[in-house]
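# Residue-level structure breakdown
Here is how the chains run, residue by residue.
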Amino acid sequence: GEDVEQSLFLSVREGDSSVINCTYTDSSSTYLYWYKQEPGAGLQLLTYIFSNMDMKQDQRLTVLLNKKDKHLSLRIADTQTGDSAIYFCAETIGHGSSNTGKLIFGQGTTLQVKP
Amino acid sequence: NAGVTQTPKFQVLKTGQSMTLQCAQDMNHEYMSWYRQDPGMGLRLIHYSVGAGITDQGEVPNGYNVSRSTTEDFPLRLLSAAPSQTSVYFCASSYRQGSYTFGSGTRLTVV
């Protein structure tokens, strides 16, 4: 079935790197996403990676994709207190003409950044 | 501003009442979805649509109906509200191969 799993909580010190991990089950996923949600707010797209890529870097964010293990990670360099939020991993189900239009989310990882 | 617009932002219902949560997008996106967010459970897919006239069930469809008569609108109807439907509801839209844009959410309380 379709399932996305994340650890629920991560605490780091300001200035350290944060690594948030995610595993997924659908091998036909086209895109994998990372969303950020601050308290009381909606979801903000942080970054995404296409399934034929291994890595994507965008300023302080690095996404690593291991398709064999169906493992996705988000590394935030030089973590700041403003990075404190819930981070969601999500995958699209289906590929190309069989893209179902479904986007399945993990439970979210709460990142706490201590000064 | 272009984007996904959800109304209302807040709503309190009594058990058994019905209501419609509105969602509209002006980006000509083919795909639209409804999610509910509950603490510790992430976002769960209620219903989704890949185009006008086409809808399908997600993970938690019971108690909800949808229709997609136009590309722009995707309303979510609660037929007979129950306390278990107290949640934050998000609407999202995307192109076929693109990232999803989310609305700001509707916070629903059923008493």
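Our subject is the structure listed above.
A brief look at the structure comes next. All values reported here derive from a predicted model rather than from experimental measurement.

## Here we look at the environment of Leu108 of chain B
Its place among the elements puts Leu108 of chain B in strand E11 (residues 106-110). The sequence separation of Leu108 of chain B and Gln11 of chain B amounts to 97 residues, and the corresponding C-alpha distance is 4.9 Å.

## Looking at the nonpolar core
Counting residues in each nonpolar core, the largest one holds 40 residues, and the members touching the most others are Trp34, Tyr35, Leu72, Leu103 and Phe105 of chain A together with Phe102 of chain B. Here this core takes six residues from strand E9 (residues 85-93) of chain A, the largest share from any one element. Discounting chain neighbours no more than four positions away, the residues touching Phe105 of chain A are Val4, Tyr35, Leu43, Phe88, Cys89 and Ala90 of chain A together with Tyr35, Leu43 and Phe102 of chain B. Counting residues in hydrophobic clusters, the runner-up holds 19 residues, among them Leu13, Leu21, Leu76 and Tyr89 of chain B.

## Let's talk about the environment of Asn52 of chain A
Looking at the element boundaries, Asn52 of chain A is found in the loop between strand E5 (43-50) and strand E6 (55-58). Separated by 15 residues in sequence, Asn52 of chain A and Lys67 of chain A place their C-alpha atoms 8.6 Å apart.

## Observations regarding the state of the cysteines
On inspection of all chains with the given rule, the structure shows two disulfides over all chains. Sulfur-sulfur distance for the disulfide between Cys22 of chain A and Cys89 of chain A comes to 2.0 Å. Judged by the sign of its S-S torsion, about -60°, the bond between Cys22 of chain A and Cys89 of chain A is left-handed. On the criterion of sequence distance, the pair formed by Cys22 of chain A in strand E3 (residues 18-24) and Cys89 of chain A in strand E9 is long-range, its members being 67 residues apart. Cys23 of chain B shares a disulfide with Cys91 of chain B; S-S distance 1.8 Å. Taking the sign of the S-S torsion, -70° for the link of Cys23 of chain B and Cys91 of chain B, the bridge is left-handed. Here Cys91 of chain B lies in strand E9 (residues 87-94) and Cys23 of chain B lies in strand E3 (residues 19-25), a separation of 68 residues in the sequence. Both residues of the pair, Cys23 of chain B and Cys91 of chain B, belong to the buried class.

Analysis parameters
- Residues numbered from 1 in each chain as written.
- Chains lettered and ligands numbered in written order.
- Predicted model: local features only at pLDDT ≥ 70, side-chain atom pairs only at ≥ 80, totals over all residues.
- Heavy atoms only, no water.
- Helix = DSSP H or I, 4+ residues; strand = E, 2+ residues; numbered from the N terminus.
- Core = buried A, V, L, I, M, F, W, Y, C linked by side-chain atoms within 4.5 Å.
- Buried < 20%, exposed > 50% of the residue type's maximum accessible area, 1.4 Å probe, protein only.
- Contact = heavy atoms within 4.5 Å.
- Disulfide = S-S within 2.5 Å.

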